[in-house]
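# Breakdown of the fold
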Amino acid sequence: MTAIVRATAGAAPPPHPLRQHLEHRQQRLLDRLGRAARLRARSAMSRAHRDLCEVTECLRLLEAPAPPRYAVSALFLVECFHELTKDEDEQLFFVTGPESGGVLVPCVRVAFAHEHRSAVGVTGDTADSHRALINLEVAGHRLLAHCHSHPSQGLSSTTPSGTDQGFQRRLEGAGYPAVGAIFSRDGFVRFFRSNADFTVEVFGAGVERHGPHAVRLPFAGAAR
Ligand SMILES: [Zn+2]
C-alpha cells in the first residue's frame, strides 16, 4: 500500500515563500546569537534567543500537516445509505473523488468483493480490495473514504468498533487520506479518523448536524 501512495506523490512542491523567509531569518538569528555569545553580550544573546524561539515555532507550525478537509453531498450520502441498508447484512465500500484546493470530495463509490457478510459484521476480500486500490492508483485517484453500516439505530449506534478504528489506523499508516463513515439504519452518519482534527462539510438542505463529525440525513428512507 505504501508503494502505491508513493507512486502518486509526484514531484516535490516548490519551497513555500514564507518558509524560505523564516529559514533565512532563522539563520540570521543564529549568526547574531553566535556573535553575541562570542562577545559575552548577555542582553543581545537573550534577545536573539527569544526571537529564534519564535521563528522556530512559526516554522514548526508551518510544516505541520493541515487537518484534512472533506466536502460531501447529502444526495451522495443518501445514495450510500440506500446501498448500505438494502438488506439485513452489513455492507462496506470505498469512496474516491476529486481533490481541489486541499478539499477532498468523496463522491464515487468503489465496490469490491466481500469475504464475509452478516447482520453484525462485514469483511472485505483482501485481494479484491487491493485490486480496487490499484485501479484507483491507475486512474490517478486516491481512497478518500470508506463507508459501512451498523445494524442498529440512533447516533450512538454509529460509534466505531475496535475493528473499525484498527482498519482506519492501517489506512492512515499507509498514507491514505481517507475518512471512515458509519451509517445507522435510521439515517445517522458518523465520520471518524484516528485523530479528531478534521472537518467534514455536508452540502445540502435538511441535514441535521450532530456535533462536528456526525449528521442525520434527510429523506434517508422508510426506516425513519
Ligand atoms: Zn463498524
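All chains use their own residue numbering, which begins from 1 and follows the written sequence. A pLDDT threshold of at least 70 governs which residues receive local features in this predicted model, and a stricter bar of 80 or more applies before side-chain atom pairs are shown or counted, although totals over entire chains, interfaces and linings include all residues. To get the side-chain values, all heavy atoms of the structure are used, and hydrogens and water are removed first.

Attention shifts here to the coordination of the zinc ion. Distances from the zinc ion to its protein donors, H148 (NE2), H150 (NE2), D164 (OD) and D164 (OD), fall within 2.0 to 2.6 Å. With water excluded from the atoms, a metal site may look incomplete; its donors are any N, O or S atoms within 2.8 Å, or within 3.2 Å for Na, K and Ca. Think of it this way: with four donors and all angles in the 85 to 135 degree range, the site is tetrahedral; with four or six donors, opposite ones beyond 155 degrees and the rest between 65 and 115, it is square planar or octahedral; otherwise it is irregular. Around the zinc ion, the 4 donor atoms are arranged such that angles at the metal cover 54 to 162°; this shape is classified as irregular. We note that the donor set of the zinc ion lies within a single chain, spaced as H-x1-H-x13-D. Of the two residues, H150 is situated in the loop between β8 (145–149) and α6 (162–173) and D164 in helix α6; the sequence distance between them amounts to 14 residues. A relative accessible area of 11% places H150 in the buried class. Helix and strand labels come from DSSP, where a helix needs a run of H or I of at least four residues and a strand needs a run of E of at least two; each type is numbered from the N terminus. Working definition: with a 1.4 Å probe on protein chains only, accessible area under 20% of the residue-type maximum means buried, over 50% means exposed, and in between means partly exposed.

Mean pLDDT over the protein stands at 86; residues scoring 70 or higher make up 90%. As a per-residue measure, pLDDT tells how confident the predictor is, with possible values from 0 to 100. The element-level mean pLDDT for the protein is lowest in helix α1 (residues 2–9), coming to 32, with strand β10 (residues 188–192) highest at 98. Counted against residues more than four places away or in other chains, residues 1–12, with its pLDDT under 50, gives 14 contacts. Contacts are assigned to residue pairs that have any heavy atoms within 4.5 Å of one another.

This brings us to unusual backbone geometry. Notably, R40 is not glycine yet its phi reads approximately 55°, a positive angle. If you trace the backbone, R40 turns up in the loop between α2 (17–38) and α3 (42–63). For R40, a relative accessible area of 72% corresponds to the exposed category.

Okay, the packing of aromatic side chains next. Pairing of aromatic side chains here covers Phe, Tyr and the six-membered ring of Trp, requires ring centres within 6.5 Å, and sorts the geometry by plane angle: under 30 degrees stacked, over 60 edge-to-face, intermediate tilted. If you walk through the whole model with that rule in mind, you get 1 aromatic pair. Residues Y70 and F198 carry aromatic rings whose centres are separated by 6.2 Å and whose planes lie at 85° to one another, so their mutual orientation is edge-to-face. Residue Y70 is found in strand β1 (residues 69–73), and its partner F198 is found in the loop between β10 and β11 (199–203); the two are separated by 128 residues along the sequence. Each member of the pair Y70 and F198 is classed as buried. Taking NZ or CZ as reference, R109 lies 5.3 Å from the ring centre of F93, over its face. Look at NZ for Lys and CZ for Arg. If either is within 6 Å of the ring centre and within 35 degrees of the ring normal, a charge sits over the ring.

So, on to the sheet that holds β11. Within a sheet, each strand pairs with its neighbour through backbone hydrogen bonds, oriented either parallel or antiparallel. Taken in spatial order, the 4 strands line up as β3-β4-β1-β11 in an open sheet, and their pairing is mixed. Where the open sheet ends on each side, the last strands, each with one partner, are β3 (99–100) and β11. Taken together, the 2 bridges between β1 and strand β4 (residues 103–104) define a ladder with parallel strand orientation. Following the sheet pairing, Y70 is matched in β4 by L104. Here an angle of 0 to 180 degrees is reported between the N-to-C directions of two axes, which are lines fitted to C-alpha atoms, with helices fitted over the stretch in contact. The strands touched by helix α4 (residues 74–84) within the sheet are β1 and β11, with β1 carrying the most contacts at an inclination of about 75°. Here, a strand pair is defined by DSSP locating no fewer than two bridges between the strands.

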